[in-house]
Each structure stands twice: as structure tokens, then as C-alpha cells.
Protein chains: 2
Amino acid sequence: MSLYTTSSLKAELNERGWRLTPQRETILQVFQNLPKGNHLSAEDLYNELQTDGERISLSTIYRTLKLMARMGILRELELAEGHKHYEINQPYPYYHHHLICVRCNKTIEFKSDSILKIGTKTAQKEGYHLLDCQLSIHAICPTCQRSLMPA
Amino acid sequence: MSLYTTSSLKAELNERGWRLTPQRETILQVFQNLPKGNHLSAEDLYNELQTDGERISLSTIYRTLKLMARMGILRELELAEGHKHYEINQPYPYYHHHLICVRCNKTIEFKSDSILKIGTKTAQKEGYHLLDCQLSIHAICPTCQRSLMPA
DNA sequence: GTGCTTGCAAAATATTTGCAATGGC
DNA sequence: GCCATTGCAAATATTTTGCAAGCAC
């Protein structure tokens, strides 16, 4: 199921005075072919492309990721790893959320209709166009509660 | 209203084999005296301390912020600015959340009991000890919707 | 006294930017 | 042809780390 075709991507870019380049098309491809629930960092994407024999510079990747996040094409995830991850932004959002242990970084993903409802309503009330909503729960996991280690 | 006294902080540190140092006490002071709703980055805290004539190195600040976040004393905020912010973690949590424009970074804060309930329940179900929960809504604000600028 | 903690400088990590060349429109 | 975009290298920003000296326990 492809959300964007070459021409719909081009249309959306041109509307803002931007251009469709092979690099942008390739990057979007990768995200559209990514198994549901997967997400890539800039570095991940770079390696992925290298493997496929595509030669796109890291700068372009960073620029494209930011651009597509701002256009609402990609969803920017703030996980615990210290750098951003990206995934395709579903048109009918059914976002997952994160329960993160602040000591060992163990992360559990979960879904919630109620959160989506709250997000939708809040954005609507302020006149914002919703792209994404994520609940991050920071907590201490059972294992780390038992341990007195610094970790 | 001081949540931690010198001795309760010391107790909590010693329990894990850590030590109470003047630096740690001073840093906690700053956060406890911070007006409600304010938050500081590592750099902010460093400058704040310089102004007050305190001489604490940036390394120590980074180390202390991370330590206190992992202890649950401080709450780590992931705002849109590319670096972390910290604020005191209220014992009876009434967390605020963020509606963020991905183009201009304009951010609206809001509160929600339902989110807190969802966070509490989710953490509980997995046996996690809740420290903090934050909903981040990424969206496009009315102004940016109207503008075709690259932002 | 032991070993956690600090400050400093250097390193590591993640991301951005200046600029000439390229190539969409 | 105009100017957005790319790739490269250098710059920036943020955070981490090695190590000797200091200090909490």
C-alpha cells in the first residue's frame, strides 16, 4: 500500500516551491517499504541505502528527513537513544506510545485509542493540523527497582 | 515547599552507595527554588549558577542531571529545541503536555487528568514505578498552515 | 583509607552549514 | 536560465569520558 506516488510527492513538493529529486524519491521509497512498526535513524537510513547501492550523502539524508517531517510525511520519534528516529506517518493515525525505563532504557510499546482522541481534540481546539502524538512514560522497570546498581 | 532536605537527599543517595556533595545539594536547591512550570537545560543551569557565583563544571552538571533523573528527583523534558530540559519531579504528579508546531516550534502547554490516568495504569500493569508521563503532539499551527514558506 | 566525585581537557555523537557543482523547473 | 538541491568537508552543538586530585564516608 503506497501512500505517495512519484507524482503526488512531486505535486506536494512543487506546491511549496520545492523540487522532486531522485534522492527524495528514493528515501520515501525506503520508508514506504519499511515493515509496519519499524523506524530508522539518519544513520540507519544511510547504511540501508549504502547496502542497496544507493549513494546519498548524510547531509542530504538529514535535510530530507527534516523536510519530510515538517511536511507531515514522516513521523519523528524521540526514543531514549539520544537521536531521532523516523517512520512513515500513517494518514489514519494509530500511533504507538512508549513506556521507558530511565535506568536501563528497556522500552515497551503500547497503543491507546484514548490518547489519540485526546491528541486529536487538543490539536483541533487550537486549530492545529495533527501530524502525530506520542505519550512517553518514564518509569523504573521491575528489574531496576530490585537492583541498587548505579546504571 | 521543599521536597528534599539535605538529610533526605543524603539518605536517598547513600542508600545506593552514592554521596552527598555540595554540588549536588546546590543543584537540587536551584530546581526546588525554580518557579513552577520553569525548566532548565544543562547550559541554563550552568549560567544560572555562574550568576550566583557558584562554580560547578558543566561535566558535573550533566552527570548530576542524569543521576537525579534516574533517581526520579528530576523530570527530563524532550522539547523541540534539540537538547534536554529538566524540572523538579512533583511527588504527586500533575504533568503538563506539549502541542508543538513542527514548522515554527511554537509550543502550547496543557494538562490532562486522563493522560495521567492512562500513564499510571500502563506503568502499573507492567510493574513499572512511574516517574513521569508526557504527551507530545506534533502538528502544524494555524499560522504555518497558511504560509507556504519553507519554515 | 577507600573509592566516589569533581574539574579539566579531549573525545564522541549528532546534526548543521558554507560553498561550488549539479540538475529540476 | 534560474535557483533549489546535492555532496563534501568543516563547523556546531550537545553530551560523554579519561584521568589526576579532592573529599565524603
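For the structure, see preceding data.
Just so it is clear, the structure is predicted and the values come from calculations on it, not from any experiment. Position numbers for residues start from 1 in each chain and track the written sequence from start to end. Each chain takes a letter, starting from A, and each ligand takes a number, starting from 1, following the order in which they are written. Local features are withheld for residues below a pLDDT of 70 in this predicted model, meaning they are given only at 70 or higher, and side-chain atom pairs are given and counted only at 80 or more; totals for whole chains, interfaces and linings count all residues. Hydrogens and waters are ignored; side-chain quantities use all the structure's heavy atoms.

Enquirer: In this structure, what is going on with the interface of chain B and chain A? I would like to understand it.
Expert: As a measure of interface size, the accessible area lost when the parts come together is often cited. Opposite the 48 residues of chain B that make contact, chain A presents 48 residues. By convention, the term buried area covers the 1.4 Å-probe accessible surface removed from two parts as they join, with the contributions of both added. Surface buried jointly by chain B and chain A totals about 4,000 Å² across both partners, of which 59% is contributed by carbon and sulfur atoms. Every case where a carboxyl oxygen of Asp or Glu lies within 4 Å of a side-chain nitrogen of Lys or Arg is listed as a salt bridge. For the pair chain B and chain A, the number of links is zero salt bridges. In protein, a polar contact requires one atom able to donate a hydrogen and another able to accept it; more generally it is a pair of N or O atoms within 3.5 Å, and residues adjacent in sequence count only if both atoms are side-chain atoms. For the pair chain B and chain A, the interface holds eight residue pairs in polar contact (both at pLDDT 80 or more). Between two residues, a contact is recorded if the distance between any of their heavy atoms is within 4.5 Å.

Enquirer: Even after reading the chapter, I still don't get the packing of helix 2 (residues 22–33) of chain A against helix 4 (residues 58–71) of chain A, so can you show me in this structure?
Expert: Two packed helices can be described by the angle between their axes and the distance between those axes. All names here are of chain A. At their nearest, the axes of helix 2 and helix 4 sit 11 Å apart, and the two run at 70° to each other. Put simply, helix 2 runs roughly perpendicular to helix 4. Seen from above, helix 2 lies across helix 4 with right-handed handedness. The segment helix 2 lies against helix 4, with Gln23, Arg24, Ile27, Leu28 and Phe31 engaging Thr60, Ile61, Thr64, Leu65, Leu67 and Met68. Under the convention adopted here, Pro, Cys and the residues Ala, Val, Leu, Ile, Met, Phe, Trp and Tyr are nonpolar, Asp, Glu, Lys and Arg are charged, and Gly plus all remaining residues are polar. Looking at the contact of helix 2 with helix 4 residue by residue, the classes come out as seven nonpolar, three polar and one charged. Between the N-to-C directions of two axes lies an angle of 0 to 180 degrees, each axis being a line fitted to C-alpha atoms and, for a helix, fitted only over the stretch in contact. Runs of E in the DSSP output that reach at least two residues are strands. Runs of H or I that reach at least four are helices, and both are numbered from the N terminus. For this classification, under 35 degrees means roughly parallel, over 145 means roughly antiparallel, 65 to 115 means roughly perpendicular, and everything else is oblique. Note on convention: the crossing is left-handed when the near helix lies turned anticlockwise from the far helix by less than a right angle, right-handed when the turn is clockwise.

Enquirer: Could you clarify how one ought to interpret the relation of the copies chain B and chain A in this entry?
Expert: The two chain copies are connected by a rotation around an axis plus a translation along it. For the least-squares superposition of copies, only C-alpha atoms count, and only for residues with pLDDT at least 70 in both. Mapping chain B onto chain A calls for a rotation angle of 180° and an axial translation of 0.0 Å; the resulting RMSD is 0.1 Å. Overall, the copies show the geometry of a two-fold rotation axis. When C-alpha distances to the rotation axis are compared across chain B, the minimum falls at Leu135 of chain B, with a value of 2.1 Å. Most of the interface of chain B is mirrored in chain A: 100% of its interface residues are interface residues there too.

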